[in-house]
Structures are given as structure tokens and as C-alpha cells.
Amino acid sequence: MNPLRKLAEHSQSIWLDYIRRTLMTGGELNRLIEEDGLRGMTSNPTIFEKAIAGSVDYDESLRKTLDRDPHVDIKTLYETLAIEDIQMATDVLRPLYEESQGADGYVSLEVSPRLANDTEKTVAEAKRLWQTVDRPNVMIKVPATPAGVPAFEALIADGININCTLMFSLKHYEDIAQAYIRGIERCKNPQTIASVASFFVSRIDGVVDKALEANGSPEAKALLGKIAVANAKLAYKRFEEIFYGDAFAALKAKGARVQRPLWASTSTKNPDYRDVLYVEELIGPDTVNTLPPATLSAFRDHGKVEPTLAQNVEEAEAQIHKLAQLGIDLDAITEKLQVDGVASFTKSFEELLEALKKKRSSILSSRSQHQYLNLGDGEEAVGARLEQWQHDDYAARLWQKDPTLWSSSPAPELTDRLGWLSLPRDMHDQIDAIQDFARAVCKDGFTHAVLCGMGGSSLAPEVYHETFGHKKNRPELIVLDSTHPGAVAAVRERIDPSKTLFIISSKSGTTTETLSFFKYFWNEIAPSSGEPGRHFVAVTDPGTPLEALAAERGFRHVFHAPTEVGGRYSALSVFGLVPAAVTGLDVHRILDGAWAMMENTGAAVPVTENPALALGAAIGELALAGRDKLTIVTSQSLRALPAWIEQLVAESTGKGGQGVVPVVGEALSRDDVYGEDRFFVYLSTQGESTECEDALGRLEFAGHPVARVQIKDPMLIGQEFFRWEMATAAVGSVLGIHPFNQPDVQLAKDLARRKMAELESRGASGWDDGIETIYVDKGGDAGATLERWLGEARPGDYVAIQAYLPPGGATTSALGEFRTALRNRTRLATTLAYGPRFLHSTGQLHKGGPNTGLFLQVVDDVPQGMEVPEADYTFGDLMRAQAMGDAQALNERGRRILRVSVGRAGADGLSELLQLIRG
């Protein structure tokens, strides 16, 4: 039985802490009522801000209102939209209200938090909202502040349903419970009134746990994660004493209802705690638990239902008593939480009005975020795909994490890799902790932060850094994801280790490259530092070897990543946000942009209006039609984004002999250098130079499909992360592949380990692994060999340049020229990537995707110095082994591969190679 429905057996009602117009218009609210037993809804300014500003759901209503009065007051504009939503929701829940005889079926609407300290204005606004909504099953939200308590009492006396919110302490609860009784005594028709007392839970643990950790004693640690539940249980005990005792008996005889406790703030903020903790521990009769969507889904999936509220009450009392003995003042904490809660709601309300102001301006000026698809011959197939998805309820099934969208049979890393869907919302609960950490790093005087990671751990931080840089007095971020000794040495030369923070980032906690970087820099720090661990922070999944290493070496912090989010889908998790916050980036705004796109691609949004699914359908259908070279160009401000998209698309789709080949960093050129296998996507920021437009126009005229995606501001880059993640998942559905695994990446890793063992046993002896190799610095008929390799090309192929060289500077410039010459000569799409970083991204496509690649591995004479401390190899050994292992893996898969060694000539050797191509 659905655990959510089973809660009714214990007389507990589940309400949804979320509202959005398409919940009602798309039928999702009806489904939640029918399937999950949902019995009510709550709203707040934060929820409305994301729904209204982050979707197109409200645009038509906004346009109509603005047509009538383009200068309408922003607060009035908000109320118009919010009240429409509340009325629609109450109408959907009205049958439940009637059936329960007024016990359930309510929807809450909040009085402006600006009025939290003004009794008279709170009463006046609550009465106005009550009359305007004009539904018997609406509840007006009033805060339990000192000014809100008498307002609440007056409103109950006037016969208005009230959800009294922002209660954190037993005193808050006692004040409201007694005010409710006084109000009911004055009410003419008490039997018509319903009220809930919203008692906040998880926020208490968020503050108390910090105090307990600061105390550090075993007694304090034993209370971690316990106080919020204990506090709620004592509030429930007091509820029973008041409403089941003599004080309320006479009123109950007249038909008055008890004021039910409503458990609010029930999402788990600490990722180390069970995600349904504040549901499972607070189950009891005559209560309501209001859940955000993620917690609702989690409890539906694995919630356990037992009557827990009345259990262990004496233990709860003892825990609260022990807290006081430890010198932690819970009363002071809860008073501050209420003050902070009012401030937070006020801030959200102001942000809502500001977002709505921008939305109004956007609509009035006809400027909004755009995605245009000019698909040419592919238009019909893409349209049919979207129609089929609408018929199949694809969007709703995606948000329900239905694995049959990709596979008819169960598969590992499928349903347990869809946590990225709710990251924009879920990560907001961790932002304060991340920013506290970033401020502490700044205070300690660090000038640099070195991100040691590979693939999904390094690409998003690189995008953030390349796009936004670092704020004054914040550390400059350096991303190290190359094991070439030259690359490691270059980073070492740029930093003062005593003023550097090292972010050791690995989802598995076992990545060889990342751990090698750690060992090297630990050895640079440890001899001269009494606390070397203060220079290190780990970002990893819970329970990994890296977490154990961090504990052993005394790292200053460990950030836990969500286990249900794969590395390449982790840009909006701690993997991306921690390095970004360290450099001073406003990660709140990054998440806000992503949240807006999340809302715009929600379960209830029609598929034809879902920009991510439309893009995914286009990429997938065009790939099936032979246009599988996804060529991405950008305006200047978004220049760093394609490298992240490249990994996401290549590693997600390149398997089972299929795949989309992302082509990034290839400058647009004349029409005749492109084959019929291209799909061009142009990403730009509003107001930037559109120098690419002329070339794109020519390509469209020549029959190439072109997509244009425009955002208003680079700070909205979070929405692009989310757009492309969902689009890529949708491409997997079109191609019939599993988009969340990487089955062929391990092959190159295994072969690299084998090569490492060979190098250790017999020493380095050149590139003698059976792969045909040109030595540019040693003469020979390199031109003929290169021509023979190019002669194997077929229409629809691509050329992949794999540079196992130290990245940057003259090398990158020379490789770029060489790449352009190859493209112009062959008319094939070209890709360029540095090894070994691409092994964790496009390497999957190279080995598991279609056999359409010509692979040119470019190597140099890797210096054999730079030993990796605490290991029996050097960075040179590791680099050489990775290159040889990758070449062997490609060879075993029947790929066409040629190696070019530039010896010690570096960029000069690449210039010689360029002349061979041009010659």
C-alpha cells in the first residue's frame, strides 16, 4: 500500500507544500489526491516566486492583466495571479472539503510578511484576502509573532480559517493554542472554523546541531538530529493536554474543532539524515504534515508508517533537558528562528515582487528567454515525436522517474540516477552551509583554490570560473584535470601552497588522477604546516574512500554529494557549487535560474511547451536521420559552456553503437566545408554581438538545421545546465539507450593500469604498443602515413584529436589551427580534447558510440620526473600509461587510430604537422 495513503489510518493528513498553476490545469493535483491521498496544500512567497517567475504558466494571465492596465501595481499583480491559483486549487479540493465536513481540503494563502509586526494591518489584510478568494476552504496564513497572536485571535473570532505559522517553541504553541480557544469562545459559529498550528521542525536541527558540534562532547554528539523531533513531540503532548482536556471540552460539545498541529519545514536539510526523518517520526492523530514535492516522493517510495508521535515522549523530555544542561538555550534559538523566519519570508516576498517586476517588463517589451528551432527536413519527425510524448505522458513519467522511458527491463544506474531533476530546489537547503564555508576560506586568507578532479568533478567548476572569474579578495580558482607533468608543474608554479585551498573532488572517491593530485599537494604542504588538513576539502559521495581519507588526514570539511546524481549531471550539486561559492559567485542566483527552468519543464507542462524536451527530441530525431554532429557555437559570455555540454551529451549517448557527437570549439566557416551530418546550436546572451548570425543564416539557407537558445544574463547559466540535462535524458529515449551509465569508460582505465604495471616492470621504452606512430621530430615518411590514415575516412565520419600534451597557450593555438585545416580538407566534423580529461567524458563515445571516428592521438616525450608521493609511479608514468591504454582500447574496438609524437618539439612539432595536412 502507498505509505502516503497509509497515514490516514493514523488520522494524519498529508498536505502539499507547493503550488503551481499547471498542477491544477494539467490534472496533477487530482492525481495526487486520488493516488497519494493528498488532503490539502500550503503556499508561501518562495514557492510563488519560482512558479510565477520561473515558468510560462502565468504569462497569458499576466498579458491579460497588463492589457487592461500596463501600470498595475506589482503587489496587485502578484495577488491577482496568486488568488487565481488559490481559487483553482480550492475548487479542486472542494469535494474533499465537503466529504470531510470541513476537516480537510484546505489551501493556504499568506498575509504579506511585511505586516508580521503590525496587528491591525495583519487583521485588515487577512480579512481582505478571505473575502477576495471567497472560498470556504481557504486558510489565511498569519505568523505567530507577538503582533500576530492577537491578530490570529481576532480573525478566529470573526469566523476566518487561519493557518498560524512560524512556530518553533512550546511557548509559541502555547500562546497560539490559548488564543485559538479565546477566539473560538467569541465566535458566533465555532463549528464552521478550522485552523492549524504550523510548527516548524527541521530548521531547529539546522541551528541546534551546529551548537552541538561546537560543544563536541560525546553527550552533545548523541543529541545530533534529535532535538527537532523531541521539540515537536512535546508540542504534541501539550496539544493533547489542551484539546483533549477540560479546557476545551465545553467548546468541543458546541461543535468546535481542535486546532491541529501542522508539521512544517519537514524536508531534511542535512544530507546525512534520512530524507523522510521528519515524516516518519511525527505520525499521530489529529495532525497534518505538509511536504514539499521531493519529500512527498521520497515517502511514497520508502516511507515507514508507525504511530511514532506518542512514543518515547519521556526520552524527548530528557533530550531537551540534557540540551539545557549542555548550556544550549533552546528558547533563545527558537526566538531567533522566528525572527529569522519572518526576515526570510519577507526577503522571499521582496524577491517575488522584484522577479514579477522583471517579468512584467519582459512581457511589455516582448523580450523573454527564447529557444528557436529551425529544423528543416527534420521538422515533421520532431513534431511527431513530441506529439507521441504528449500522448504517452512522457513529462509526468520522467518526473516520476519511470525507467521504462529508456529500458523495458530493470537496469543499474537508471532510476537511482535521476536526482538531478530536483537539485535546483533541493540544493537551496545546503546553500547557507556552502556559503558559510566559502566565507571562512576567505577569512583565512587563501589566494588560490585548486580544484583537483576529472570529468564531471571538474568541468562545471571550470565553466563557472571561465564565465564569472573570482570576486575581489576571494581565491582564484585553478582547475587541474591533467596528469601531464607539465600541467601539474604549471599549477605548482602559479600558487603559494601555504595560501591555497585544495578541493579534492571525486564522486567515487577512488579516481586515480584526483588522488594522485592530492598526494602531490599534501606532500607540498605537510612538511611546513602544523595543520595541513586545513588546506584540503573533499567533495564526494557518502562513505567513499576519499571521505575516509579526509577523516584520517583532518580535512577542514567534507561535502557530501547526492548519491542519486551522476557525475556529469552534478553541475548544480556540491561538485559545482562549492568551488563556485569559494570564488565569491552568488550560487543562490545560479540555483534560481535552474529552478526557473525546472518549473518551466515540470510534469504538468505540455510537452510542446517544454523547451528541454523539444531540444532533446530535435537532437535525437536529427541524429537518427544522420545529423548526429551536434555543433555548438556561442556568444562570448557563454564560451565555456560547450565543454560541459560536450561531456554530458557524449558520455550519455555514446554507447551500444549509437551516439551524438558534440562538436565544440570549431569556428564557423563557409558552407562548403560541412557535410550533411550537422545540427548547429547557437547559445547566446541577450544584447551581445551576434557576429555568428550571418554564418548561421547561410547555413540555414543551405539546408542545415539550426537551433538558437538565448538567455537574458550569464547568471542564468544554471537554467542551461538543467535544460541540457533534461534534453540529453530525452535524447536517450529517442535513441533507445541508457543515458546515465558509462559502460565503456572502465576499459581504458583497466588497460591503463596494465600499462602502468608493464612500465614498472620494464621501464619506459617509447610508444612501443603496436599502435602506428609518426615521430615528427625523427623524419620518415610521415606525410604518406597521415595520408593513408585520412584515406580511411568516409562521409559522415568525424576526426577526434586527442592531445596528451600540457594544455594551454601556444599548444592550444597550434592544435586549433591543425584542427581547422583538417576540417577544411576533409569536410568532416572535428573534435579536440586534452587527455586524460576526455577519458572521463567523450572517451565513452569514442569506444561505445558508432564506429565513425578517426582518432589522432598526439603525444610528446613525457618527462619522467615528478614522482607521486606515497605511490610507486610518476606523473609521467601515469600520463604515458593512460595514453597507451586509451589507444589500445580504441584498437580493440576496431577504431581507426594513428599516433603522432611531437617529441620535445611541442608547439613547433604541431606546426610541422599542420604543414603536412596543408601540403
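Predicted, not measured: the structure shown is a model, and the values here were computed from it. (Residues numbered from 1 in each chain as written. Predicted model: local features only at pLDDT ≥ 70, side-chain atom pairs only at ≥ 80, totals over all residues. Heavy atoms only, no water.)

A. Representation of the packing of helix α24 (residues 512–525) against helix α25 (residues 545–553). Remark: α24 packs on α25, axes separated minimally by 13 Å, with the N-to-C direction vectors making an angle of 10 degrees. Put simply, α24 runs roughly parallel to α25. For the pair formed by α24 and α25, the contact residues are Leu515, Phe518 and Trp522 on the first element and Leu546, Leu549 and Arg553 on the second. Of the residues contributing to the contact of α24 with α25, the split by class is five nonpolar, no polar and one charged. (Axes fitted to C-alpha atoms, helices over the stretch in contact; angles between N-to-C directions. Helix = DSSP H or I, 4+ residues; strand = E, 2+ residues; numbered from the N terminus. Parallel < 35°, antiparallel > 145°, perpendicular 65-115°, else oblique. Contact = heavy atoms within 4.5 Å. Nonpolar A, V, L, I, M, F, W, Y, C, P; charged D, E, K, R; others polar.)

B. Spatial organisation of the pattern of salt bridges. Counted by the stated rule, this structure contains 56 salt bridges. With a shortest N-O distance of 3.0 Å, Arg31 and Glu28 are connected by a salt bridge. You can see Arg31 and its partner Glu28 sitting in helix α3 (residues 28–36), three residues apart, about one turn around the helix. Taking the relative accessible area as the measure of exposure, Arg31 reaches 16% and is therefore buried. According to the relative accessible area criterion, Glu28 is buried, its value standing at 15%. Among the ionic pairs, Arg837 bridges to Asp481, the shortest N-O distance being 3.3 Å. On the criterion of sequence distance, the pair formed by Arg837 in the loop between β21 (829–834) and α35 (842–848) and Asp481 in the loop between β11 (476–480) and α23 (485–494) is long-range, its members being 356 residues apart. (Salt bridge = Lys/Arg side-chain N within 4 Å of Asp/Glu carboxyl O. Buried < 20%, exposed > 50% of the residue type's maximum accessible area, 1.4 Å probe, protein only.)

C. Just the environment of Leu585, in detail. Note that Leu585 resides in the loop between α26 (574–582) and α27 (587–600). Residue Leu585 is classed as buried on the basis of its relative accessible area of 10%. Separated by 130 residues in the primary sequence, Leu585 and Met715 place their C-alpha atoms 9.4 Å from one another. With residues near it in sequence (within four places) discarded, Leu585 still touches Tyr464, Phe468, Ala580, Ile590 and Met715.

D. Looking closely at the pairing of β11. Of all five residues in β11, four are buried; the element is thus mostly enclosed. With five bridges connecting them, strand β10 (residues 448–452) and β11 associate as parallel partners. Pairing of Cys452 across the sheet is with Leu480, part of β11. Following the chain from β10 across helix α22 (residues 459–468) to the adjacent parallel β11, one finds a crossover that is right-handed. (Pairing = 2+ DSSP bridges. Right-handed = clockwise from strand over helix to strand, strands pointing away.)

E. Structural detail: the nonpolar core. In terms of nonpolar packing, the biggest core is built from 124 residues, with Ile19, Met41, Phe48, Tyr78, Leu109, Tyr173 and Phe243 touching the most fellow members. When near neighbours in sequence (up to four residues on either side) are disregarded, Leu109 contacts Ser43, Phe48, Tyr78, Ala82, Ile83, Ile86, Leu129, Val133, Met139, Ile140 and Lys141. If you look at the next biggest cluster of nonpolar residues, it comprises 96 residues, including Trp389, Tyr569, Ala623 and Met715. (Core = buried A, V, L, I, M, F, W, Y, C linked by side-chain atoms within 4.5 Å.)

F. Quick peek at the packing of aromatic side chains. For the structure shown, the criterion picks out 35 aromatic pairs. Where Phe437 meets Phe559, the ring centres are 5.1 Å apart and the plane angle is 85 degrees; that geometry is what we call edge-to-face. Linking Phe437 in helix α21 (residues 428–443) with Phe559 in strand β14 (residues 557–560), this pair joins segments that are 122 residues apart in sequence. Ring centres of Tyr520 and Phe521 lie 5.0 Å apart, and the angle between their planes is 80 degrees; this geometry places the pair in the edge-to-face category. By the burial criterion, Tyr520 is buried, and Phe521 matches it. A connected cluster of aromatic rings, assembled from ring pairs, spans Phe502, Phe517, Phe518, Tyr520, Phe521, Trp522, Phe536, Phe555 and Phe875. Just above the ring of Trp522 sits the side chain of Arg553; from NZ or CZ to the centre is 5.1 Å. (Phe/Tyr/Trp six-rings, centres within 6.5 Å; stacked < 30°, edge-to-face > 60°. Lys NZ or Arg CZ within 6 Å of the ring centre and 35° of its normal.)

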